[in-house]
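One-letter residues, chain by chain:
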Number of protein chains: 2
Amino acid sequence: MLETVQKTTDLSARERFVTVAAELFARNGYDGTSIRDIAREMGVTPGAVYAHFVSKAGLLLAVYKTGVERISSAVDEEIHASTDPWTNLERACWRHLEVLVAENGFAKVVIRVLPTDIEEVAGELTTLRRQYEERFRRLIDALELRAGTNRNLLRLQLLGALNWTQVWYRAEHADLADIAHALVENLRRGTEIQDGDA
Amino acid sequence: MLETVQKTTDLSARERFVTVAAELFARNGYDGTSIRDIAREMGVTPGAVYAHFVSKAGLLLAVYKTGVERISSAVDEEIHASTDPWTNLERACWRHLEVLVAENGFAKVVIRVLPTDIEEVAGELTTLRRQYEERFRRLIDALELRAGTNRNLLRLQLLGALNWTQVWYRAEHADLADIAHALVENLRRGTEIQDGDA
DNA sequence: CAACTGAGTGAACGTTCGTTCATTTTGTAG
DNA sequence: CTACAAAATGAACGAACGTTCACTCAGTTG
């Protein structure tokens, strides 16, 4: 399949659909958002959606892909930034939070919509999620941990805490960098008072 | 309003509706479950639901109430069981996990269905959730923590990790008591290797 | 036996859903 | 100016949704 002729056609129309869908899926969920809602927000009729996407599930898949892409590249910027693996982990968490609770809804959809709930694309969605989470596996592999620590569980514990922020975080809360720092520090040093603490 | 005559009518019919609804809401979500699905599972026609509940949202509210009740009473059994507050917290987490990933779907619904998604009962659902989470506030208040530790964030971090298990936990995983122990221990002592560790 | 009650029926209601498609509009290239 | 392709229309499709309601039916109760 040659691609000698690059697509000069407007990609931004499709992209605008994806952006609008991401916002609505993030706010109201997949089932809570109708094709008509998306069309209305775009200022077009429902049929127009199907000039760009094969189905509603296909549109969700496009949103998911972009969401994973964005949060992945944000985290990738930090993954080897420092020589201290704990610092790298903390920065990755910070970027994860930033993308997750930032104004645009792409990453929110990835966390909010459970892959298994949309049967038609469940496999693809699961794969995309795994792709992203793999980064945290590597970040945690780089840590020197107490003997017997279950790294897999630690990863899930951290991701759980991070993703749950979507439920409670409001803009008036503390800075995201502070939250990321505290979450990682709690898991690094522990929270119990120690002999010798001030 | 006197209640001199106790209700001798069959409560178990209503309760069976709630149980079936809990299972389906937990498995397929609120939007993903229709009144017809619930009726079919009960072996009745859709209209029968409205002899017991004012609306679908009302049925969800009943499920939520039972869910919060069950997980609350399970956690309450452990909340003051020991004189060591860390032990109490760990046991509470263990019971939380048990109820959450156990076979019946009541507690799953409480975690899976976001109160804000069902506008008609959003206020009530939020209140019920808060009631439950209050228990963890008290459990964490009882801990002696390093100076400067944000107890509120610690609570959210722990609840996030606990509730996220719903996404990844499968029966073949480690024992829930072990998981609860590890999650709390990670936050208590930290996971970083220390001088003097074996 | 008659009156009553609560549970359930079965069919229908109005609405909304995802999706289709022949047709029109729009924009670009020869 | 013409030709072509992409984008969007607008109306409609069948299906599924939550909900209603006059009714039957079974099981107490006096």
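Residues numbered from 1 in each chain as written. Chains lettered and ligands numbered in written order. Predicted model: local features only at pLDDT ≥ 70, side-chain atom pairs only at ≥ 80, totals over all residues. Heavy atoms only, no water.

### Regarding the protein's contact with DNA strand D
Let me state the cut-off plainly: Note on definitions. A residue lies near a molecule or strand when any single heavy atom of the residue is within 4 Å of it. Here a polar contact is recorded for every N or O atom pair within 3.5 Å, except that within protein the pair must consist of a potential hydrogen donor and a potential acceptor, and residues adjacent in sequence are included only if both atoms are side-chain atoms. Each residue gets one label: Ala, Val, Leu, Ile, Met, Phe, Trp, Tyr, Cys and Pro are nonpolar, Asp, Glu, Lys and Arg are charged, and the others, such as Gly, are polar.
Lining the immediate environment of DNA strand D, one finds 18 residues, of which T45 and H52 of chain A together with R36, Y50 and K56 of chain B sit closest. Counting only atoms of DNA strand D within 4 Å of the protein, the fraction found in sugar and phosphate groups is 52%. Measuring from a phosphate oxygen of DNA strand D, one finds a backbone N or O atom of I35 of chain B at 2.9 Å. With respect to DNA strand D, the side chain of K56 of chain B contributes an N or O atom lying 2.7 Å from a phosphate oxygen. In terms of residue class, the surface near DNA strand D is built from five nonpolar, nine polar and four charged.

### A few points about the protein's contact with DNA strand C
Close contacts around DNA strand C come from 16 residues, with I35, R36, Y50 and K56 of chain A together with T45 of chain B the closest. Contacts to DNA strand C include R36 of chain A, whose side-chain N or O atom sits 2.8 Å from a base nitrogen. In this structure, K56 of chain A approaches DNA strand C through a side-chain N or O atom, which is 2.6 Å from a phosphate oxygen. Of the residues that constitute the surface near DNA strand C, the class distribution is six nonpolar, seven polar and three charged.

### Overview of the packing of helix α3 (residues 56–76) of chain A against helix α4 (residues 85–101) of chain A
All names here are of chain A. To keep things clear, this is the line we draw: Angular values range over 0 to 180 degrees, each being the angle between N-to-C directions of two axes fitted as lines to C-alpha atoms, with helices fitted over their stretch in contact. Secondary structure counts use DSSP, requiring at least four H or I residues in a row for a helix and at least two E residues in a row for a strand, with both numbered from the N terminus. Should an angle lie under 35 degrees it is considered roughly parallel, over 145 roughly antiparallel, and from 65 to 115 roughly perpendicular; all remaining angles are considered oblique. Crossings are assigned a handedness: left-handed for a near helix turned anticlockwise from the far helix by less than a right angle, right-handed for a clockwise turn. By definition in these notes, contact holds between two residues if any of their heavy atoms fall within 4.5 Å.
Two numbers describe how α3 lies on α4: the axes approach to 8 Å, and their chain directions differ by 150°. Compared by their axis directions, α3 and α4 come out roughly antiparallel. With respect to the hand of their crossing, α3 and α4 are arranged in right-handed fashion. For the pair α3 and α4, contact is made by I71, A74 and V75 and by A92, R95, H96 and V99, respectively.

### Overview of the pattern of salt bridges
Residues and elements named next belong to chain A. We count it as follows: Only one rule defines a salt bridge in this text: a Lys or Arg side-chain nitrogen within 4 Å of an Asp or Glu carboxyl oxygen. The cut-offs for exposure are 20% and 50% of the maximum accessible area for each residue type, with area from a 1.4 Å probe on protein chains only; residues under the lower value are buried, those over the upper are exposed, and the others partly exposed.
All chains considered together, the criterion is met by 21 salt bridges over all chains. With a closest N to O distance of 3.1 Å, R95 and E77 form a salt bridge. Of this pair, R95 sits in helix α4 while E77 sits in the loop between α3 and α4, and the two are 18 residues apart along the sequence. A relative accessible area of 15% places R95 in the buried class. Because the salt bridges share partners, they merge into one network encompassing E77, E78, R95 and E98.

### Description of the side chain of R135 of chain B
Residues and elements named next belong to chain B. On the secondary structure map, R135 appears in helix α6 (residues 122–141). In this structure the side chain of R135 is engaged in a polar contact, spanning 2.7 Å, whose partner is the side chain of D76. Sequence-distant contacts of R135, defined by excluding residues within four places in its chain, comprise S72, V75, D76 and I79.

### Looking at the packing of aromatic side chains
This is how it is decided: Note on aromatic pairs: the rings of Phe, Tyr and Trp (six-membered ring only in Trp) are paired at centre separations within 6.5 Å, and the planes decide the class, stacked below 30 degrees, edge-to-face beyond 60, tilted for the rest. Lysine NZ or arginine CZ positioned within 6 Å of the ring centre and within 35 degrees of the ring normal marks a charge as sitting over the ring.
According to the stated counting rule, one finds eight aromatic pairs over all chains in the structure shown. Between F17 of chain A and F53 of chain A the ring centres are 6.3 Å apart and the planes differ by 75°, which places this aromatic pair in the edge-to-face class. Taken as a pair, F17 of chain A in helix α1 (residues 11–28) and F53 of chain A in the loop between α2 (35–42) and α3 lie far apart in primary sequence, 36 residues in all. Per residue, the accessibility class of F17 of chain A equals that of F53 of chain A, and both read buried. When the ring centre of Y30 of chain A is taken as origin, the NZ or CZ atom of K56 of chain A, which lies over that ring, is 4.4 Å away. The ring of W94 of chain B has R95 of chain B sitting right over it, with the charged end atom 5.6 Å from the ring centre.

### Notes on the environment of W94 of chain A
All names here are of chain A. Residue placement: W94 occurs in helix α4. The exposure class of W94 is partly exposed, given its relative accessible area of 27%. A sequence separation of 85 residues divides W94 from I179, and the C-alpha atoms of the two residues are 7.7 Å apart. Leave out the neighbours within four places in its chain, and W94 touches E78, L176, A177 and A180.

### Focus on the relation of the copies chain A and chain B
What counts, and what does not: Least squares is the method used to superpose the copies, on C-alpha atoms of residues holding a pLDDT of at least 70 in both.
Between the two copies, chain A and chain B, the superposition gives an RMSD of 0.0 Å; the rotation angle is 180° and the shift along the axis is 0.0 Å. What we have between these two chains is a two-fold relation. Using C-alpha coordinates, one finds that chain A approaches the rotation axis most closely at G190 of chain A, a distance of 1.8 Å. Both copies present the same face, since 100% of the interface residues in chain A are matched by interface residues at the equivalent positions in chain B.

### Remarks on the interface of chain A and chain B
Note the threshold: Summed over both partners, the accessible area (1.4 Å probe) lost when two parts come together is defined as the buried area.
Facing the 38 residues of chain A at the interface are 38 residues of chain B. Here chain A and chain B share an interface that buries about 3700 Å² over both sides, 54% of which is from carbon and sulfur atoms. Where chain A meets chain B, there are six salt bridges. In this structure, R112 of chain A and D117 of chain B form a salt bridge, with 2.8 Å as the shortest nitrogen-oxygen distance. Linking chain A with chain B are 22 residue pairs in polar contact (both at pLDDT 80 or more). Going through the elements one at a time, α5 (106–112), α7 (151–168) and α8 (176–189) of chain A are the ones with two or more residues in the side of chain A that touches chain B. With ten residues, α7 of chain A is the single largest residue contributor to the side of chain A that touches chain B. Residues that form the side of chain A that touches chain B fall into these classes: 18 nonpolar, nine polar and eleven charged.

### What to know about α7 of chain A
Residues and elements named next belong to chain A. To keep things clear, this is the line we draw: Working rule for helices: expected span equals 1.5 Å times residues minus one.
Under the 1.5 Å per step criterion, the end-to-end length of α7 is 26 Å for 18 residues, consistent within 8% with the ideal 26 Å. Most of α7 sits inside the fold, with 14 of its 18 residues counted as buried. If you check the start of α7, you find a side-chain oxygen 3.0 Å away from the backbone N of N152, and it comes from N150.

### With respect to the confidence of the model for chain A
Residues and elements named next belong to chain A. To be explicit about the condition: As a per-residue measure, pLDDT reflects the predictor's confidence and takes values from 0 up to 100.
Per-residue confidence for chain A averages 91 on the pLDDT scale, and 93% of its residues sit at or above 70. Model confidence for chain A, summarised as mean pLDDT per element, is weakest for α1 at 92 and strongest for α8 at 98. In this model, residues 1–10 is a region of pLDDT below 50 whose contacts with residues beyond four sequence positions or in other chains number zero contacts.

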